[in-house]
Amino acid sequence: MALDFSLSADQEAIADTFGAFFAKESPVDVVRAAEPLGYSPQLWQKLRSLEAPGMAAPDQEGGGGATLSALVVVAEALGEAIAPVPLIEHWVASRACPAPEIVSGERIAAIALRPADADGTWRLVPGGAVADVVVGLDGGELVAVHSPAPMAAPSNHGSAPLADRSAREGDRVVLGEASELDPLLDMWRVLTAAALVGIAERAMRMGVDYVLERHQFGRPIGSFQAIQHGLADLPALVDGGRFLAHKAAWAFDEGMVDGAGVIDMDEGNVTEFAPLAAMAMLHAADAAAVSTDRSLHYHGGYGFSLEYDIQLYFRRARGWANIVGDPSRERRRLADLLWGPAKAMAGR
Amino acid sequence: MDFRLTDRHEALRTEIRACIDAHIDDEVIARAHRTGANHCVELAKALGDVGLLAQAMPGEGQDPMAMWMLSSEAEKAGAPFDSVGMALVIAGVLNAAGTPSQNQRVTAALLAGEEFVCFGLTEPDGGSDLPAISTRAVRDGDEWVINGSKMWTTMAQVSDWVFLLTRTDPDAGRYGGFTVFIILMDTPGISADPIHTMSTERSNVTFYDDVRVGDEWVVGEANEGWQVVSIMFGFERGIANTGALTPLLRRFAQWAAHTGVIADPVHREHMAQVAIDAQVAELLTQRTAWTAAVGEPSGTQGSIAKVFATEAYQRHARWAQAAAGPEGLLGLGESGAAAEGWIDHDVRHSVPQTFQGGTTEINRNNIAERHLGLPRAR
Ligand SMILES: Cc1cc2nc3c(=O)[nH]c(=O)nc-3n(C[C@H](O)[C@H](O)[C@H](O)COP(=O)(O)OP(=O)(O)OC[C@H]3O[C@@H](n4cnc5c(N)ncnc54)[C@H](O)[C@@H]3O)c2cc1C
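Since the model is a prediction, treat every value here as computed from it, not as a measurement.

Cut-offs and rules
Residues numbered from 1 in each chain as written. Chains lettered and ligands numbered in written order. Predicted model: local features only at pLDDT ≥ 70, side-chain atom pairs only at ≥ 80, totals over all residues. Heavy atoms only, no water. Helix = DSSP H or I, 4+ residues; strand = E, 2+ residues; numbered from the N terminus. Rg over C-alpha atoms; globule rule 2.2 N^0.38 Å. Buried < 20%, exposed > 50% of the residue type's maximum accessible area, 1.4 Å probe, protein only. Contact = heavy atoms within 4.5 Å. Areas by Shrake-Rupley, 256 points an atom, 1.4 Å probe, with all protein chains shown as cover. Lys, Arg positive; Asp, Glu negative; His and termini not counted. Charge placed at Lys NZ, Arg CZ, Asp CG, Glu CD. Near = heavy atom within 4 Å. Polar contact = N/O pair within 3.5 Å; in protein donor to acceptor, adjacent residues only side chain to side chain. Nonpolar A, V, L, I, M, F, W, Y, C, P; charged D, E, K, R; others polar. Domains from an automatic or database assignment. Buried area = accessible area lost by both parts, 1.4 Å probe. Salt bridge = Lys/Arg side-chain N within 4 Å of Asp/Glu carboxyl O. 1 Å grid on protein atoms, 1.4 Å probe; cavity = no way out; pocket = protein on both sides within 12 Å on 5 of 7 lines; lining within 4 Å. Points joined across faces, edges and corners; volume = space filled by probe spheres on them.

## Section: the overall build of chain A
Part 1: The helix and strand tally for chain A stands at 13 helices and 10 strands.
Part 2: Here the C-alpha radius of gyration of chain A, 20 Å, is about what a compact globule of 348 residues would show, namely 20 Å.
Part 3: Reported as C-alpha extents along the three principal axes, the dimensions of chain A are approximately 65 × 55 × 40 Å.
Part 4: Burial statistics for chain A: of 348 residues in total, 59% are counted as buried.
Part 5: Summarising the internal contacts of chain A: among those between residues at least 6 apart in sequence, 70% fall at separations of at least 24.
Part 6: Taken as a whole, chain A presents about 13500 Å² of accessible surface, with 53% of it coming from carbon and sulfur.
Part 7: In chain A, which carries 28 positive and 46 negative side-chain charges, the distance between the mean positions of the two groups comes to 7 Å.

## Here we look at the overall build of chain B
Part 1: Broken down by element type, chain B carries 13 helices and eight strands.
Part 2: Since a compact globule built from 378 residues should have a radius of gyration of about 21 Å, the 21 Å found for chain B is in line with a globular shape.
Part 3: Each principal axis of the C-alpha distribution contributes one length, and for chain B these read about 70 × 45 × 40 Å.
Part 4: For chain B, the residues scored as buried account for 58% of the 378 residues in total.
Part 5: Contacts in chain B between residues far apart in sequence, at least 24 positions, make up 70% of those at least 6 positions apart.
Part 6: Entry remark: accessible area of chain B is about 14600 Å², with carbon and sulfur atoms responsible for 51%.
Part 7: If you average the places of the 29 positive and of the 49 negative side-chain charges in chain B, the two averages end up 5 Å apart.

## Let's talk about the site of the ligand
Part 1: Taken together, 17 residues lie near the ligand, and B:Thr122, B:Ser128, B:Trp152, B:Thr359 and B:Glu361 sit nearest.
Part 2: At the site occupied by the ligand, nearby residues are drawn from chains A and B.
Part 3: In the model, a nitrogen atom of the ligand is placed 2.7 Å from a nitrogen or oxygen of the B:Thr122 side chain.
Part 4: Here B:Thr154 contributes a side-chain N or O atom positioned 2.8 Å from a nitrogen atom of the ligand.
Part 5: When the ligand sits alone it has 970 Å² of accessible area, and the protein chains cover 70% of it.
Part 6: When residues in the shell around the ligand are grouped by element, the largest group, three residues, is from helix H13 (residues 360–371) of chain B.
Part 7: Looking at the shell around the ligand residue by residue, the class counts come to six nonpolar, nine polar and two charged.
Part 8: Two domains each provide a minimum of three residues to the shell around the ligand, namely domain 2 (119–223) and domain 3 (237–371) of chain B.

## Quick word on the domain arrangement of chain B
Residue and element names in this part refer to chain B.
Part 1: If you check the domain split of chain B, you get domain 1 (7–115), domain 2 (119–223) and domain 3 (237–371).
Part 2: Using C-alpha coordinates to define each centre, domain 2 is positioned 31 Å away from domain 3.
Part 3: Taking both sides of the interface into account, the surface hidden between domain 2 and domain 3 amounts to around 540 Å²; carbon and sulfur atoms contribute 55%.
Part 4: By the criterion of area lost to domain 3, the three top residues of domain 2 are Ser128, Met198 and Glu201, representing 68% of everything that side buries.
Part 5: Run the count over domain 2 and domain 3 and you get two residue pairs in polar contact (both at pLDDT 80 or more).
Part 6: Of the residues that constitute the side of domain 2 that touches domain 3, the class distribution is one nonpolar, three polar and one charged.

## Some points on H13(B)
Part 1: Listed as buried for H13(B) are B:Thr360, B:Asn363, B:Arg364, B:Asn365, B:Asn366, B:Ile367, B:Ala368 and B:Glu369.
Part 2: On its buried face, H13(B) is in contact with helix H8 (225–232) and helix H9 (234–253) of chain A together with helix H11 (299–323) of chain B.
Part 3: Where H13(B) terminates, the next one or two residues include B:Gly373, which has phi positive at roughly 75°.

## Considerations on the pattern of salt bridges
Residue and element names in this part refer to chain A.
Part 1: According to the stated counting rule, one finds 45 salt bridges over all chains in the structure shown.
Part 2: For Arg32, the salt bridge goes to Asp309, with nearest N and O atoms at 2.9 Å. Within this pair, whereas Arg32 is found in helix H2 (residues 28–33), its partner Asp309 is found in the loop between helix H10 (273–297) and helix H11 (310–321), the two being separated by 277 residues in sequence.
Part 3: Of the residues examined, Arg32 reaches a relative accessible area of 29% and is grouped as partly exposed.
Part 4: With a shortest N-O distance of 2.8 Å, Asp138 and Arg168 are connected by a salt bridge. With a gap of 30 residues between them, Asp138 in strand E3 (residues 133–138) and Arg168 in the loop between strand E5 (163–166) and strand E6 (171–177) connect regions that are remote in the sequence.
Part 5: Residue class for Arg168 comes out partly exposed when judged on its relative accessible area of 40%.

## Description of empty space enclosed by the protein
Part 1: In the structure shown here, the tally under the stated rule is four cavities of 30 Å³ or more.
Part 2: Residue lining of the largest cavity: 24 residues in total, with A:Val85, A:Glu89, A:Ala160, A:Pro161 and A:Trp320 positioned closest to the centre.
Part 3: Where the lining of the largest cavity is concerned, the elements lending two or more residues are helix H5 (87–96), helix H7 (181–213) and H11 of chain A.
Part 4: Residue classes in the lining of the largest cavity are distributed as 16 nonpolar, six polar and two charged.
Part 5: The calculated volume of the second largest cavity comes to roughly 140 Å³.
Part 6: Lining of the second largest cavity is provided by 15 residues; of these, B:Ser72, B:Thr242, B:Gly243, B:Thr246 and B:Glu282 occupy positions nearest its centre.
Part 7: Among the secondary structure elements, those contributing two or more residues to the lining of the second largest cavity are helix H5 (64–77), helix H9 (245–259) and helix H10 (265–293) of chain B.
Part 8: The dominant element in the lining of the second largest cavity, judged by the number of residues it contributes, is H5(B), at five residues.

## Concerning the interface of chain B and chain A
Part 1: Contacts between the two partners involve 50 residues from chain B and, on the opposite side, 60 residues from chain A.
Part 2: Roughly 5000 Å² is buried in total at the junction of chain B and chain A, and carbon and sulfur atoms are behind 65% of that figure.
Part 3: Three residues stand out in chain B for area buried against chain A, namely B:Met1, B:Phe3 and B:Arg268, and they jointly supply 17% of the buried area on that side.
Part 4: At the boundary of chain B with chain A, the tally comes to seven salt bridges.

## A closer look at H8(A)
Part 1: The buried fraction of H8(A) amounts to six of the eight residues, a majority that puts the element mostly inside the structure.
Part 2: Looking at H8(A), one finds that the buried residues are A:Ile227, A:Gln228, A:His229, A:Gly230, A:Leu231 and A:Ala232.
Part 3: Elements in contact with the buried residues of H8(A): H7, H9 and H10 of chain A together with H13 of chain B.

## Things to note about unusual backbone geometry
Residue and element names in this part refer to chain A.
Part 1: The omega torsion of the bond from Glu35 to Pro36 falls at 0°, within 30 degrees of zero and hence cis.
Part 2: Tracing the sequence through the fold places Pro36 in the loop between H2 and helix H3 (41–49).
Part 3: Located in the positive-phi region is Met151, a residue other than glycine, with phi close to 55°.
Part 4: Relative to the elements of secondary structure, Met151 occurs in the loop between strand E4 (141–146) and E5.

Here's what the structure looks like:
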């Protein structure tokens, strides 16, 4: 194999299928109708008919056993459509907890990104408002807790189905050690990065379409160089995010985990999964933020109105990204992965 | 997508490194900075001897990954490589558009690492607006007589040849009536004055005063020179000179580890950001090379890679300098300088990267018009 920036035949087929699916089944009126909860049960049922909820689970458990390289393609299509379904969280949880009713999508699973607090509550779990099962850390263990979904979310920036969930009340199963969450979180980072790339890509195209159509001073505003240059910065951010997400997925599929990959900062060579996943998430979050910001700005006042779709993308660019926590802390975590923990290096 | 380099490319990298290691040391690097010529004959000859220059030459049927790899390994090592990079571009142009005798005489010597060539394109009144140049070549019997001057003829002082863009028919429209010549620098009538810069690199103004050359030195067709320079722009952009973040970060991290500053969470956060941008710059560059390798136009992708990489280089060099405090102000070779003065050098050296080889604005115009499909603004 050799360096190749095109989608493989498999990836191409998946991109076509899911691109067409989300375009047809999750147009913006479906997205709008699902607000403020950010969940469409009908869309979820349609995903089930494609067997999408089980794609990530291992095939010996009846799942699709899809590679991460395949899943990132779906995640980008989902992001482009800002589809109101917690598919990414469900997939990641299903890797740890591939029960038949989860693999089939009959029950929705979610993943708590932060450990439960002292009183046993997972705060603001993405997908938590609609999940029947939540996987996360509690008291040093990875557990799955089955309990009724609240089906309500606090009003939030990205209209995401977030909710606090109990790590203690309900049917609680211990899945393994705390360290088993780390690869799941990295998988979540990569898939969320791909979804954010989808947001960035679509927002860029919405901006281009709008500035071609909108006339001021007797000409399309897209002929003003200030606007052109603001948009011209976006392809690097979008493409860079896409390549990083794909590279991280490739590293995972090739087994570059737990030190099997390379981290050589002198050569600028990184093929280890965890740092690539962190890079993908951080960069894609920036790409989505900048792309939606510029695109909205070039919509002028209309971009601020609820009627225009760009605001839906603007809010999700932040809402889907910031749920992982302060990006400054994520960058420091990346620095630990690349150069080792801070203390060990000091004074060397 | 696949991100693995082939065994052949890994072997190529090993070979390139061996050449660089054998010929580049601190003294060679210091000499380049002292003399202002980012140039090392020994390295060029060594790369030529083992056939690496012939492999890295851009063009149809060639492997653009080889050019990327050579450029990026040289950047990582801080090796004086610019004159070789320029020779490769012109070798590629001559290979695509030159005559057999030009290839025998010039291309072969360039690819052997024995002769060098400078670019005579830009003029005082023809910068970004290159078609506005006024250097004239006029027919006289079976010769051409050239008069005019060129700005920023970098490497003229060490070059055997100049690749010269002239006007031969001023009435042939914006892109018509240009003719490109490949001319020996010691042809009577050619002279050069240095341009000293705020970095260690020297450039030149070159003057062409009744310079007489025969038809055999016309590259491509007379009056069709714009096609020839277009080939050249396609070769240059976004494949070479996009890898500066990796050595910047390496040197900063070494300095930070040495001083203990590396434990500072604020610095760590920024170092991580530099690492991300270095990855992105590399991926965008590899994509440009890959696109060219599969035979598709890579022009806008080159612009995308170039703008991102050069802007990130400036941003992060300036951050590194501020983060290093007063020691970050000390120049190359000064005792006590942060990272032996490389940080100060990077701040200076990164400045022209956003206009050399096409400015950021010109590249953004290119991306806006040809990648995003926006109307022409100019
Ligand atoms: C170190 C160095 C080495 C070089 N080496 C060579 C060499 O070897 N051979 C050679 O031929 N040339 C060389 N150049 C020249 C280089 O290619 C030019 O500097 C470049 O093309 C820009 O031209 P200019 O400097 O005249 O700037 P101008 O064209 O005068 O531009 C000035 C500013 O205006 C902006 N601008 C111009 N037009 C537009 C527009 N349409 N829209 C928006 N903004 C615009 C530019 O982006 C820039 O910021 C070198 C330059 C440097 C600095």
